[in-house]
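An overview of the molecular structure
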Amino acid sequence: QRMQRAQDLRARLAIDLGPGLLNVHFSDPARTDELASLLVPLVPRCAISGVRLAVENVPATSPEDFNRLFELLPRIGSNGPTVGMCLDIGHVVAHR
């Protein structure tokens, strides 16, 4: 629940400040289902508010991990995808 509260706080801050993008690190591929369950409630809130949700890769994540995550997330939003990937090239190079 602590992680859920932190995600909610980030979402509210992003919506209130209006930056248009909320970036979240995908730090533990072993917890993909948990991350998806934390992000699912944010997707409609972000879509309604016009905030895009970007999930950033880290050295521990692989393309397969992202495929799995995106299979679990809803695809909604009137202005294109609400959820996307932030590709950090430095993290790709450091991928194990």
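Here we summarise the structure given alongside this text. (Residues numbered from 1 in each chain as written. Predicted model: local features only at pLDDT ≥ 70, side-chain atom pairs only at ≥ 80, totals over all residues. Heavy atoms only, no water.)

**With respect to the overall build of the protein**
Broken down by element type, the protein carries five helices and three strands. Going residue by residue from the N terminus, the α and β elements of the protein occur as α-β-α-α-β-α-β-α. The 96 residues of the protein split such that 32% are buried. Looking at the protein alone, contacts between residues at least 24 apart form 82% of all its contacts between residues at least 6 apart. Accessible surface computed for the protein: about 5900 Å², of which carbon and sulfur atoms make up 56%. (Helix = DSSP H or I, 4+ residues; strand = E, 2+ residues; numbered from the N terminus. Buried < 20%, exposed > 50% of the residue type's maximum accessible area, 1.4 Å probe, protein only. Contact = heavy atoms within 4.5 Å. Areas by Shrake-Rupley, 256 points an atom, 1.4 Å probe, with all protein chains shown as cover.)

**Section: the environment of Ala-54**
Mapped onto the elements, Ala-54 comes out in strand S2 (residues 52-56). Sequence-wise, Ala-54 and Asn-23 are 31 residues apart; in three dimensions their C-alpha atoms are separated by 4.7 Å. Ignoring sequence-local partners within four residues, the contact set of Ala-54 consists of Leu-21, Leu-22, Asn-23, Val-24, Gly-84 and Cys-86.

**Here's the deal with the sheet that holds strand S1 (residues 21-25)**
Spatially, three strands are ordered S1-S2-S3 in an open sheet, and the strand pairing comes out parallel. A single partner strand is all that each edge strand has here, and the edge strands are S1 and strand S3 (83-86). With direction set aside, neighbouring strand axes in the sheet form an average angle of 30°. Relative to S3, S2 runs parallel, the two being bridged by four bridges. Within S3, the position partnered with Ala-54 by the bridge is Gly-84. (Pairing = 2+ DSSP bridges. Axes fitted to C-alpha atoms, helices over the stretch in contact; angles between N-to-C directions.)

All we've got here are geometric facts, nothing functional implied.
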